[in-house]
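Listed below are the residues making up each chain.
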Amino acid sequence: MINIAICDDSREDSEEIKRGIAEIWHEHVSIHTFASGKDLISDAQKREYHLIFLDIFLENETGIEIAEKLRADGFAEDIVLISTSKEFGPEAFEINALYYLVKPLNREKLREVKVRLDDKRRDQMTVRIRVNGREQDLRFSLISYIESAHNNLHIYLKNGSMVSIRGSLYDFEQSLDSRFLKLNRGIIVNMEAIEEMDNENCEVAGCKFPMSRSRRMECRQAYTDYLFNLTAGRDKR
C-alpha cells in the first residue's frame, strides 16, 4: 500500500487532488487529507507516508516551513509542492521536492508526478551482492549484463567495469526486475543497455550474444514491449 498525504486548506482543491490521485494511481493507495501543517506533522510522526502533496500558501504558515520541519524530523520520502505562483522554485529545490506544481492542477500534471516517482524508485532499486567477503547494494540501473561462468557470475557495469561474485544465474535472476531479460542459459541483459536486437542475436556494450532458439520469439516480444512502454511513458510527460 502507498500512503499519500495532501495538505491544503482549500477543501475544494484538496478533494480535486484526491480524486486525481485515486484515478491515476493503479496501485492500492491510502489518501489522507489535512487542512493544516500542524496536523500533517503530527500524523506523519505516527504514520509512514511515501508521498506528500503540500500547498505553499496556508492560513498560518507556509508549505516551505512545513516541509523544512518534516525534513528536520527525518522525513526522507518525496514531497510535491503546490502553489498558485511559480516564485518558490528555489525553495522547492532547497527541500529536495520531487515536483513543483502550479494551480490549477489537472490530471496530466498529477500523472507526471507518478511518472517521476516511478522513475526515481526504478532507478534506486538494488540487488544485494557479496564482493570480497563484504555485502553491498548494487543498483539495477548500473548493470549492463550478467554472464554465468561455472559457479561464478560476472556482472558487467555500464561504466565498463566488471564485478565477479559466487552464485548461480537462476538464483540471481530471482532478485532482478522486469527490465532484465534472459537470452540463453548463460546471459541476462539489462534491456536499458541493449544496442541492437535482430532475429537471432542481441548486442549489449559492443558484445553480440545469441538468443537460444526456444527463447527468440519471447525475447523479441519482451524487448518490443519494453520499447513500447518506454515510449508511452515519455509521451505522457
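Above this text you will find the structure in question.
Notes on the structure follow.

Conventions adopted
Residues numbered from 1 in each chain as written. Predicted model: local features only at pLDDT ≥ 70, side-chain atom pairs only at ≥ 80, totals over all residues. Heavy atoms only, no water. Helix = DSSP H or I, 4+ residues; strand = E, 2+ residues; numbered from the N terminus. Contact = heavy atoms within 4.5 Å. Buried < 20%, exposed > 50% of the residue type's maximum accessible area, 1.4 Å probe, protein only. Pairing = 2+ DSSP bridges. Polar contact = N/O pair within 3.5 Å; in protein donor to acceptor, adjacent residues only side chain to side chain. Expected span 1.5 Å × (residues − 1). Axes fitted to C-alpha atoms, helices over the stretch in contact; angles between N-to-C directions. Salt bridge = Lys/Arg side-chain N within 4 Å of Asp/Glu carboxyl O.

1. Some points on the side chain of Asp-43
Then step 1. On the secondary structure map, Asp-43 appears in helix 2 (residues 37–44).
Then step 2. Residue contacts for Asp-43: discarding those within four places in its chain leaves Phe-34 and Tyr-49.

2. Observations concerning the pairing of strand 6 (residues 126–131)
Strand residues, when the strand is regular, have side chains that alternate between the two faces of the sheet.
Then step 1. Across the two faces of strand 6 the burial differs, with Val-127, Ile-129 and Val-131 buried and Thr-126, Arg-128 and Arg-130 not buried at all.
Then step 2. With six bridges joining them, strand 6 and strand 7 (residues 134–139) adopt antiparallel strand pairing. Looking at the pairing, Val-131 lines up with Arg-134 of strand 7.
Then step 3. The antiparallel hairpin formed by strand 6 and strand 7 contains two residues in its connecting segment, where Asn-132 sits at a positive phi of about 55 degrees.

3. Digging into the environment of Glu-135
Then step 1. Inspection of the secondary structure assignment puts Glu-135 in strand 7.
Then step 2. For Glu-135, a relative accessible area of 44% translates into the label partly exposed.
Then step 3. The sequence separation of Glu-135 and Lys-109 amounts to 26 residues, and the corresponding C-alpha distance is 40 Å.
Then step 4. The residues touching Glu-135, leaving out its near neighbours within four places in the chain, are Arg-128, Ile-129 and Arg-130.
Then step 5. Side-chain polar atoms of Glu-135 contact the side chain of Arg-128, separated by 3.0 Å.
Then step 6. Of the polar contacts made by the side chain of Glu-135, one reaches the side chain of Arg-130; its length is 3.3 Å.

4. Considerations on unusual backbone geometry
Then step 1. At the junction of Lys-103 and Pro-104, the peptide bond is cis and its omega measures out at 0 degrees in the coordinates.
Then step 2. Although it is not a glycine, Asn-132 sits at a positive phi angle of roughly 55 degrees.
Then step 3. Mapped onto the secondary structure, Asn-132 falls in the loop between strand 6 and strand 7.
Then step 4. Overall, Asn-132 belongs to the exposed group, its relative accessible area being 80%.
Then step 5. Phi at Ala-205 is positive, roughly 50 degrees, even though this residue is not glycine.
Then step 6. You can see Ala-205 is positioned in the loop between strand 14 (201–204) and strand 15 (207–210).

5. As for helix 5 (residues 107–124)
Then step 1. A rise of 1.5 Å per residue sets the reference length of helix 5, with its 18 residues, at 26 Å; its end C-alpha atoms lie 26 Å apart and thus fit the reference within 8%.
Then step 2. Of the residues making up helix 5, those classed as buried are Leu-110, Glu-112, Val-113, Lys-114, Val-115 and Leu-117.
Then step 3. Taken together, the buried residues of helix 5 touch helix 1 (11–24), strand 3 (51–55), strand 4 (78–83) and strand 5 (99–102).

6. Observations concerning the environment of Met-197
Then step 1. Note on placement: Met-197 falls in strand 13 (residues 194–197).
Then step 2. By relative accessible area, Met-197 is classed as buried at 19%.
Then step 3. Between the C-alpha atoms of Met-197 and Arg-116, which are 81 residues apart in sequence, the distance is 28 Å.
Then step 4. Ignoring anything within four residues of it in the chain, the contact list for Met-197 reads Leu-181, Cys-202, Met-211, Cys-219, Arg-220 and Tyr-223.

7. Focus on the sheet that holds strand 2 (residues 29–34)
Then step 1. With parallel pairing, the five strands of this open sheet are ordered in space as 2-1-3-4-5. This sheet does not close on itself; its edge strands, each paired only once, are strand 2 and strand 5. Averaged over neighbouring strand pairs, the angle between their axes works out to 20 degrees when direction is ignored.
Then step 2. By the bridge criterion, five bridges tie strand 3 to strand 4 in an arrangement that is parallel.

8. A closer look at the pattern of salt bridges
Pairing of side chains with opposite charge becomes possible as their charged atoms draw close.
Then step 1. If you walk through the whole model with that rule in mind, you get 22 salt bridges.
Then step 2. A salt bridge links Glu-23 to Arg-107; the nearest nitrogen and oxygen atoms lie 3.1 Å apart. Of this pair, Glu-23 sits in helix 1 while Arg-107 sits in helix 5, placing them 84 residues apart in sequence.
Then step 3. A salt bridge links Glu-61 to Lys-69; the shortest N-O distance between them is 3.6 Å.
Then step 4. A relative accessible area of 43% means that Lys-69 is categorised as partly exposed.

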